[in-house]
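Observations on the three-dimensional arrangement
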Amino acid sequence: MSLKRARITALGRYVPERVMTNADLERIVDTSDEWIRTRTGIRERHVVEPGTPCSELAVRAARMALELSGVSPDEIDLIIVATVTPDMPFPSTACLVQDKLKATRAWGFDISAACSGFLYALTQGAAFIQTGAHRKVLVIGADVMTSILDYKDRATCVLFGDGAGAVLLEPGEGEDGILDFLHEVDGSGGSFLHMPAGGSARPASHETVDARMHFVRQDGGHVFKYAVRKMADVSRHILDRTGFTAEQVDLFVAHQANLRIIDAAKERLGLPEAKVVKNIDRYGNTTAATIPLALATAMDEKRLKPGDLVLMASVGAGFTVGSVLVRWSGVPWSASS
Ligand SMILES: CC(C)(COP(=O)(O)OP(=O)(O)OC[C@H]1O[C@@H](n2cnc3c(N)ncnc32)[C@H](O)[C@@H]1OP(=O)(O)O)[C@@H](O)C(=O)NCCC(=O)NCCS
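A short tour of the structure in this document, coming up.

Focus: the sheet that holds strand β1 (residues 5-14)
- With mixed pairing, the five strands of this open sheet are ordered in space as β1-β7-β6-β4-β5. Only two strands of the sheet have a single neighbouring strand rather than two, namely β1 and β5 (107-111). Taken pair by pair, the neighbouring strands of this sheet meet at an average axis angle of 20 degrees, ignoring direction.
- Against the sheet, helix α4 (residues 93-101) makes contact with β4 (78-82), β5 and β6 (137-144), and its axis sits at roughly 130 degrees relative to β4, the strand it touches most.

This is how it looks when you write it as structure tokens:
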């Protein structure tokens, strides 16, 4: 069986209109704009109106990708949604998106891999294209992190924002498309970044709610050190095994959790600033949405052109680690969207 190459042929994004600045957070918790900027690089983040579900953001990003590419929802074969903030435990957000989009022929499912979710979903979607099973796969990363943030915990609530990004995958015969992926998990790191209750281990109860266990909990320092090491390791490993050098990378699209993590990875890889996408200042960490939102920023800044070698990397709760290497195909784009 000859394998096709999966190409990214469309891109869409959505962030809610409402912006929460560091000054807004100063009024909620004991923090300062200066602390947040210098420790994380974040100035502001987009946040939903309370009660806005994840599927709403996912659908808007998907619609943008489909409209720009002229593909109609009923042409989609498969929808994969990466998220840790699904509308509800079940049905999956992919089912809700399928219905809202009226993607009448599509099946779908969710992937839970936190900040690596989009890259895991991209790899999974690409496999369905490569085998020839499907011709049009929608891969969406979407999270409403504000729905699980504890606004009494200054160490976590300042870090995250809401958003969604989507790509369309289609088969191609050329040199462009997804070249390789490399993923790892290290489940021993689970307790360093997690939401303790709400699952089968600790179903929701008055006690879990009173103990604020339905929010993100993180040992920031531990996650930071792991992320710095792994982001660079996985990036170097995927380059080595595909025979590329860091000099050949045109764009490094790293998960946006902390500016210092991105800069450390950049330095370890020996990449110049001009090859690194950064939008954490405007969005914060949007979990599964950060990589497609970063691709959208690169499109806005005209830093992505067909043929470019794009290295994407992420580290997230789990721990999950991901890297995907892409020869960029070019996508229709409208910066105003
Ligand atoms: C969270 C993070 C920004 C904290 O930065 P840090 O330099 O490690 O800071 P520390 O956790 O050591 O905290 C330093 C001090 O700042 C305080 N602090 C924490 N959050 C604060 C805030 N928002 N405002 C002001 N002070 C804060 C702490 O209480 C601590 O005070 P203390 O020294 O009196 O105890 C950083 O650890 C980080 O980014 N971690 C990784 C996060 C991440 O990537 N998560 C997602 C993975 S996908």
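Topic: α4
- Within α4 the residues assigned to the buried category are Thr93, Ala94, Leu96, Val97 and Leu101. All buried residues of α4 lie within an arc of 160 degrees about the axis, which places them on one face of the element.
- Its buried side turned inward, α4 meets α3 (54-69), β4, β5 and β6.
- With its phi angle positive at about 60 degrees, lysine 102 sits one or two positions after the end of α4.

A word on the packing of aromatic side chains
- Scanning all chains against the criterion turns up four aromatic pairs.
- Residues tryptophan 107 and phenylalanine 128 carry aromatic rings whose centres are separated by 5.5 Å and whose planes lie at 80 degrees to one another, so their mutual orientation is edge-to-face. With tryptophan 107 in strand β5 and phenylalanine 128 in helix α5 (residues 117-130), this pair connects stretches of sequence that are 21 residues apart.
- Taking the centre distance of 4.1 Å and the plane angle of 15 degrees together, the rings of tyrosine 226 and phenylalanine 319 count as stacked. Taken together, the residues tyrosine 226 in helix α8 (residues 220-242) and phenylalanine 319 in the loop between β12 (309-316) and β13 (320-327) connect sequence positions 93 residues apart.

Things to note about the pattern of salt bridges
- Within the structure shown, the criterion is met by 20 salt bridges.
- With a closest N to O distance of 3.4 Å, glutamate 173 and lysine 4 form a salt bridge. A residue pair is termed long-range when its members are at least 10 positions apart, and glutamate 173 in the loop between β7 (162-172) and β8 (177-185) and lysine 4 in the segment before β1 qualify at 169 residues.
- Lysine 4 sits in the partly exposed class, given a relative accessible area of 29%.
- Between arginine 241 and aspartate 180 there is a salt bridge; the shortest N-O distance is 2.8 Å.

Thoughts on the nonpolar core
- Residues Val216, Met231, Leu239, Phe252, Leu311 and Leu325 are the most contacted members of the largest nonpolar core, which totals 46 residues.
- If you list the elements that add at least two residues to this core, you get α8, β11 (251-254), α9 (259-269), β12 and β13.
- Those residues in contact with leucine 311 that sit more than four places away from it in its chain are Ser235, Ile238, Leu239, Val249, Leu251, Phe252, Val253, Leu269, Ser323, Val324 and Leu325.

Things to note about the site of the ligand
- Around the ligand, a shell composed of 24 residues is seen, among which Thr31, Arg39, Arg154, Gln218 and Asn258 lie nearest.
- Here an oxygen atom of the ligand and a side-chain polar atom of tryptophan 35 are 3.4 Å apart.
- Arginine 39 places a side-chain nitrogen or oxygen 2.7 Å from an oxygen atom of the ligand.
- In isolation the ligand offers 960 Å² of accessible surface; the protein chains occlude 71% of this area.
- Taken together, the elements giving at least two residues each to the shell around the ligand come down to α2 (33-40), α6 (154-157), α8, α9 and β12.
- At four residues, α8 tops the list of elements feeding residues into the shell around the ligand.
- Partitioned by chemical class, the residues of the shell around the ligand number eleven nonpolar, nine polar and four charged.

Calculation rules
- Residues numbered from 1 in each chain as written.
- Predicted model: local features only at pLDDT ≥ 70, side-chain atom pairs only at ≥ 80, totals over all residues.
- Heavy atoms only, no water.
- Pairing = 2+ DSSP bridges.
- Helix = DSSP H or I, 4+ residues; strand = E, 2+ residues; numbered from the N terminus.
- Axes fitted to C-alpha atoms, helices over the stretch in contact; angles between N-to-C directions.
- Contact = heavy atoms within 4.5 Å.
- Buried < 20%, exposed > 50% of the residue type's maximum accessible area, 1.4 Å probe, protein only.
- Arc of directions from axis to C-beta.
- Phe/Tyr/Trp six-rings, centres within 6.5 Å; stacked < 30°, edge-to-face > 60°.
- Salt bridge = Lys/Arg side-chain N within 4 Å of Asp/Glu carboxyl O.
- Core = buried A, V, L, I, M, F, W, Y, C linked by side-chain atoms within 4.5 Å.
- Near = heavy atom within 4 Å.
- Polar contact = N/O pair within 3.5 Å; in protein donor to acceptor, adjacent residues only side chain to side chain.
- Areas by Shrake-Rupley, 256 points an atom, 1.4 Å probe, with all protein chains shown as cover.
- Nonpolar A, V, L, I, M, F, W, Y, C, P; charged D, E, K, R; others polar.

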